[in-house]
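# Remarks on the overall topology
Below are the chains, spelled out letter by letter.
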Amino acid sequence: MAEENVNLENLKEAIDSKTAASTEATDGAEATEAASAAAVEAPVETPSATPTEPAIDEHGRSYATGKRKNAVARVWIKPGLGKITVNGREVERYFARPVLQMLLNQPFDVADRAGQYDVTATVTGGGLSGQAGAVRHGISKALTLYEPVLRRVLKKEGFLTRDSRVVERKKYGRRKARRSFQFSKR
């Protein structure tokens, strides 16, 4: 956080020095010399691709879409007591297996935000495992929109990367995707 503030301050100083140098110079050649000298003295660092402002709607929520296999999850997060609701049901009822519940809480544990956000999700498609992965992906993306500072931590753990592994399709002339029909010599 402090590193980003320092980078922003350096960027503001460089922009101020460039504008001051260009307004002082009256001749076009003098302006380009002053601007290039200012650029050499203070290297301008480009701001990171992450937005510095949180994306929060009028209800105080952040929205993101998560995907895994054939499952698509629409996820809203807002500050709260840590209540997670999936398709109108509590997470313990919808994802009965403890492994799937643990999967949903991973982004909060990594970001040290356990029990600080309420999650509302609607999931369609796929099975329970794919749906849990989709909700986790959506929670991670929504967290980065609510608190852009958390992006680095979640990206390092791989929660922002969409797991693109899907079931391979069946090919013609095959019994399954790769399995051949049984060969009969006679």
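These figures come from a predicted structure and were not determined experimentally.

Attention shifts here to the confidence of the model for the protein. Mean pLDDT over the protein stands at 83; residues scoring 70 or higher make up 73%. Note that residues 21-29 has pLDDT below 50 and, in this model, three contacts with residues that lie over four places away or in other chains.

Glancing now at the pairing of strand S5 (residues 117-124). Judged from the eight bridges that link them, strand S2 (residues 71-79) and S5 form a sheet pairing that is antiparallel. In the strand pairing of S5, Pro79 is matched with Tyr117. Two strands pair when backbone bridges link them, and strand S3 (residues 84-86) and S5 are joined in this way by three bridges, in the parallel orientation. Looking at the pairing, Thr85 lines up with Thr120 of S5.

Checked against the element boundaries, Pro79 lands in strand S2. When its relative accessible area of 46% is taken as the criterion, Pro79 is described as partly exposed. Residues Pro79 and Gly60 lie 19 residues apart in sequence; the distance between their C-alpha atoms is 8.0 Å. Residues contacting Pro79, with those up to four places away along its chain left out, are Gly60, Gln116, Tyr117, Asp118 and Tyr146.

What follows concerns the nonpolar core. Across soluble globular proteins, you tend to see nonpolar side chains buried next to one another. Counting residues in each nonpolar core, the largest one holds 30 residues, and the members touching the most others are Ile77, Phe95 and Leu143. Of all elements in the fold, only S2, S3, helix H3 (91-94), helix H4 (98-110), S5 and helix H5 (128-146) reach the threshold of two or more residues within this core. At seven residues, H5 tops the list of elements feeding residues into this core. Dropping the residues within four chain positions of it, Leu143 is found in contact with Ile77, Pro107, Phe108, Tyr117, Leu150 and Leu154.

Turning our eyes to something else, we now look at the side chain of Gln131. Residue position: Gln131 is located in helix H5. A relative accessible area of 6% places Gln131 in the buried class. A polar contact of 2.7 Å, which involves the side chain of Gln131, links it to the side chain of Tyr94. Among residues more than four places away in sequence, those in contact with Gln131 are Ala71, Tyr94, Phe95, Val123, Thr124, Gly125 and Gly126.

Turning next to the packing of H4 against H5. In helix packing, the relevant descriptors are the interaxial angle and the interaxial distance, both defined with respect to the helix axes. H5 packs onto H4 with a crossing angle of 10° between their chain directions and a minimal axis gap of 9 Å. What the angle tells us is that H4 and H5 run roughly parallel. Viewed along their axes, H4 and H5 form a crossing whose handedness is right-handed. Here Leu100, Leu103, Leu104, Gln106, Pro107 and Phe108 of H4 lie close against H5, whose contacting residues are Leu128, Ser129, Ala132, Gly133, Val135, Arg136, Ile139, Ser140 and Leu143. Residue composition of the contact of H4 with H5, grouped by class: 10 nonpolar, four polar and one charged.

A word on the pairing of strand S1 (residues 62-68). Remark: a regular strand shows side chains that alternate across the two faces of the sheet. By the alternation rule, side chains of S1 split into Ser62, Ala64, Gly66 and Arg68, which are all buried, and Tyr63, Thr65 and Lys67, of which none is buried. Strand direction decides the pairing type here: S1 and S2, joined by seven bridges, are antiparallel. Across the sheet, the residue bridging to Ser62 is Ile77, located in S2.

Moving on: the packing of aromatic side chains. Counted by the stated rule, this structure contains four aromatic pairs. On the numbers, 6.3 Å between centres and 20° between planes, the contact of Phe108 with Tyr117 is stacked. Phe108 sits in the buried class, given a relative accessible area of 5%. Judged by its relative accessible area of 6%, Tyr117 is buried. Between Tyr117 and Tyr146, the ring centres sit 5.4 Å apart and the planes meet at 80°, which makes this aromatic pair edge-to-face. Of this pair, Tyr117 sits in strand S5 while Tyr146 is found in helix H5, placing the two residues 29 residues apart along the sequence. Here the aromatic cluster, defined as three or more aromatic residues joined through ring pairs, consists of Phe108, Tyr117 and Tyr146.

Parameters at a glance
Residues numbered from 1 in each chain as written. Predicted model: local features only at pLDDT ≥ 70, side-chain atom pairs only at ≥ 80, totals over all residues. Heavy atoms only, no water. pLDDT = per-residue confidence, 0-100. Contact = heavy atoms within 4.5 Å. Pairing = 2+ DSSP bridges. Helix = DSSP H or I, 4+ residues; strand = E, 2+ residues; numbered from the N terminus. Buried < 20%, exposed > 50% of the residue type's maximum accessible area, 1.4 Å probe, protein only. Core = buried A, V, L, I, M, F, W, Y, C linked by side-chain atoms within 4.5 Å. Polar contact = N/O pair within 3.5 Å; in protein donor to acceptor, adjacent residues only side chain to side chain. Axes fitted to C-alpha atoms, helices over the stretch in contact; angles between N-to-C directions. Parallel < 35°, antiparallel > 145°, perpendicular 65-115°, else oblique. Left-handed = near helix turned anticlockwise from the far one by under 90°. Nonpolar A, V, L, I, M, F, W, Y, C, P; charged D, E, K, R; others polar. Phe/Tyr/Trp six-rings, centres within 6.5 Å; stacked < 30°, edge-to-face > 60°.

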